[in-house]
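Listed below are the residues making up each chain.
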Amino acid sequence: MTSFDLTLYLVTDRRMPKEGFETVVEEAIRGGVTLVQLREKEGDTGLLYERARRLKKVTDRYHIPLIIDDRIDIMLAVDAAGVHVGQSDMPAAIARQMIGPDKILGVSAANLTEALKAEADGADYLGVGAMYPTKTKTDADFTTREALEAIKRSVHIPVCAIGGINEKTIPDFKGSAIDGFAIVSAIMASEEPKADAEKLKRMIGNVLKK
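Residues numbered from 1 in each chain as written. Predicted model: local features only at pLDDT ≥ 70, side-chain atom pairs only at ≥ 80, totals over all residues. Heavy atoms only, no water.

1. Digging into the nonpolar core
Argument step 1. Tyr9, Val33, Leu126, Ile170, Phe173, Phe181 and Ile187 are the most contacted members of the largest nonpolar core, which has 68 residues in total.
Argument step 2. Once residues lying within four places of it in the same chain are set aside, the contact partners of Ile187 are Leu8, Leu10, Val24, Ala28, Val33, Pro193, Ala197 and Leu200. (Core = buried A, V, L, I, M, F, W, Y, C linked by side-chain atoms within 4.5 Å. Buried < 20%, exposed > 50% of the residue type's maximum accessible area, 1.4 Å probe, protein only. Contact = heavy atoms within 4.5 Å.)

As structure tokens, then:
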């Protein structure tokens, strides 16, 4: 399986930026992003395939694994590093069967029960949250810091926090043992993605002592 690092995990949002999508991602990688997820909940399969293919050229250039949200067919079509599934997507156990043992499988979890099941079903990492309200996912359940830490203590796979993660909220996780943060708008909506990724990476390093 491709090795991966959850420290600064960029999750894309097609609504931002309006232009220069791949450029923003590339600048963010240059600023320290360690993993990229292409998340597209709308749009035609053909357009999604083309975007994934173009984005993989960028991530391959910098040796950063590309994860595809939900769409196993797109992941296989572009030979991405893995797929991420939520609780209402393809069941994790079935996703693992479909992608095989060598691809990365990420699973969203909002509580300990979901986290333990995801690990048992073959997840390689967990995205835990939403930790805070977020405009990119308005229907998300919220996860407390206590629940996040209980999950981290109970599973044997890496855990990242997601949902409203930015420079104001990252310090809240000081002393936690998590492995990183999944970030959307703090980078994708930035006018200076490289500089902001660098700043976020430094903050994460200080908070998680990496």
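On we go.
2. Overview of the pattern of salt bridges
Argument step 1. Enumeration over the complete set of coordinates arrives at 17 salt bridges.
Argument step 2. As a salt-bridge pair, Arg145 and Glu149 come within 2.5 Å of each other at their nearest N and O atoms. With Arg145 and Glu149 both in helix H6 (residues 145–154) and four residues apart, the pair spans about one turn of that helix.
Argument step 3. Accessibility expressed as a relative area gives 25% for Arg145, which makes it partly exposed.
Argument step 4. Judged by relative accessible area, which is 25%, Glu149 ranks as partly exposed.
Argument step 5. For Lys152, the salt bridge goes to Asp179, with nearest N and O atoms at 2.7 Å. Separated by 27 residues along the polypeptide, Lys152 in helix H6 and Asp179 in the loop between strand S7 (159–162) and strand S8 (180–183) bring together distant segments of the chain.
Argument step 6. Residue classification places Asp179 among the partly exposed positions, given a relative accessible area of 21%.
Argument step 7. Counted as one network, the salt bridges with shared partners bring together Lys41, Asp69 and Asp89. (Salt bridge = Lys/Arg side-chain N within 4 Å of Asp/Glu carboxyl O. Helix = DSSP H or I, 4+ residues; strand = E, 2+ residues; numbered from the N terminus.)

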